[in-house]
Structures are given as structure tokens and as C-alpha cells.
Amino acid sequence: MSFRELNHAKCKTYLAMSEADHTAALIDPVRDRIDRYLALLAYYGCRLEMIIDTHTHADHRSGAIELGELTGAPVVMHRRAPMPHVGMHVEDGQVLKVGDIAMRVLYTPGHTPDSISLFAGDRVFTGDVLLNSWDRAV
């Protein structure tokens, strides 16, 4: 299993890949980088299994729905997400599996009422939860 940060700007996108079975998940994809994500999936020979938005994005346009339409992968969000076209709603404690990668959903409201973080082995993908906390602390 491997993880790659794809955006080095304020909005972070991560690619979680299972080399064992060539499957992947994209976490918080940005709409204007969809071509890059598809190219990376092709380069690594991975099939996109799920697209996870950790929260409703108000600061940029999510690429989740368009990627889902292009790849057939379901869009995953917390059950409180007001977004249409979500293929899978998740709850706190639920485990998402992509090949040999297990990601436990942690319900972390605050930035938005539907915010989640994902605990995967030795890392936690927090979306904008920590960013929001930092903004308030400064």
C-alpha cells in the first residue's frame, strides 16, 4: 500500500493505492485536476474503487462527482452530507476497504457538520479539520 499527496496547494488531495490488486481511492479531489488524477491512475495501472470527500467543499469545486461519472467509482461522504449523487454514506467507525488498505471513518464535525477523517495504518487524513482548528487558533 502507498499514499501520495497530489496537490501541494492549500486544498490537499491524496491517492491511496493498493499495489497488491491495483486498486485506489482518491481523497478530496479538486475539479480542475481531474485530468491529472486520471493520468496518474493510468500510469500506476490502478482502477479507482472509491472517491472520498471528507467534507462539503465551499472553498473550491470538488471533482468527486465528475470523477465518479468518468470512472464508475462511488462517491463516499458522511451521512450528513447534503451533496447529491453520493453513492455511499458512511458513519463513525465504519471501515472502508480498498485492496489491502483499511480506512476507519472518524466523524469529526466542526469545519462542516459532515466532516470526517480517515485513519489508515500510520496516518490520518483530516480534510480541513486541522486547517480549521489552526485558523481559529491564530
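Our structure's up above, just so we're on the same page.
Residues numbered from 1 in each chain as written. Predicted model: local features only at pLDDT ≥ 70, side-chain atom pairs only at ≥ 80, totals over all residues. Heavy atoms only, no water.

## Looking at helix 2 (residues 64-71)
By the burial criterion, the buried members of helix 2 are Ala64, Leu67 and Gly68. The arc enclosing the buried residues of helix 2, seen along the axis, measures out at 100°, which places them on a common side. The exposed residues of helix 2 that point more than 90 degrees off its buried face are Glu69 and Leu70. Buried residues in helix 2 make contact with strand 3 (23-27), helix 1 (34-44), strand 4 (47-52) and strand 5 (75-78). Positive backbone phi, at 85°, marks glycine 72, one or two positions downstream of helix 2. (Buried < 20%, exposed > 50% of the residue type's maximum accessible area, 1.4 Å probe, protein only. Helix = DSSP H or I, 4+ residues; strand = E, 2+ residues; numbered from the N terminus. Arc of directions from axis to C-beta. Contact = heavy atoms within 4.5 Å.)

## Remarks on the sheet that holds strand 10 (residues 123-125)
Across the sheet, which stays open at both edges, the four strands sit in the order 7-8-9-10 with antiparallel pairing between neighbours. What marks the edges here is a single partner per strand, and that holds for strand 7 (95-98) and strand 10. The mean inter-strand angle of the sheet, taken between neighbouring strand axes irrespective of direction, is 30°. In terms of strand pairing, strand 9 (residues 116-120) meets strand 10 through three bridges, oriented antiparallel. Note on strand 10: the bridge partner recorded for alanine 120 is arginine 123. (Pairing = 2+ DSSP bridges. Axes fitted to C-alpha atoms, helices over the stretch in contact; angles between N-to-C directions.)

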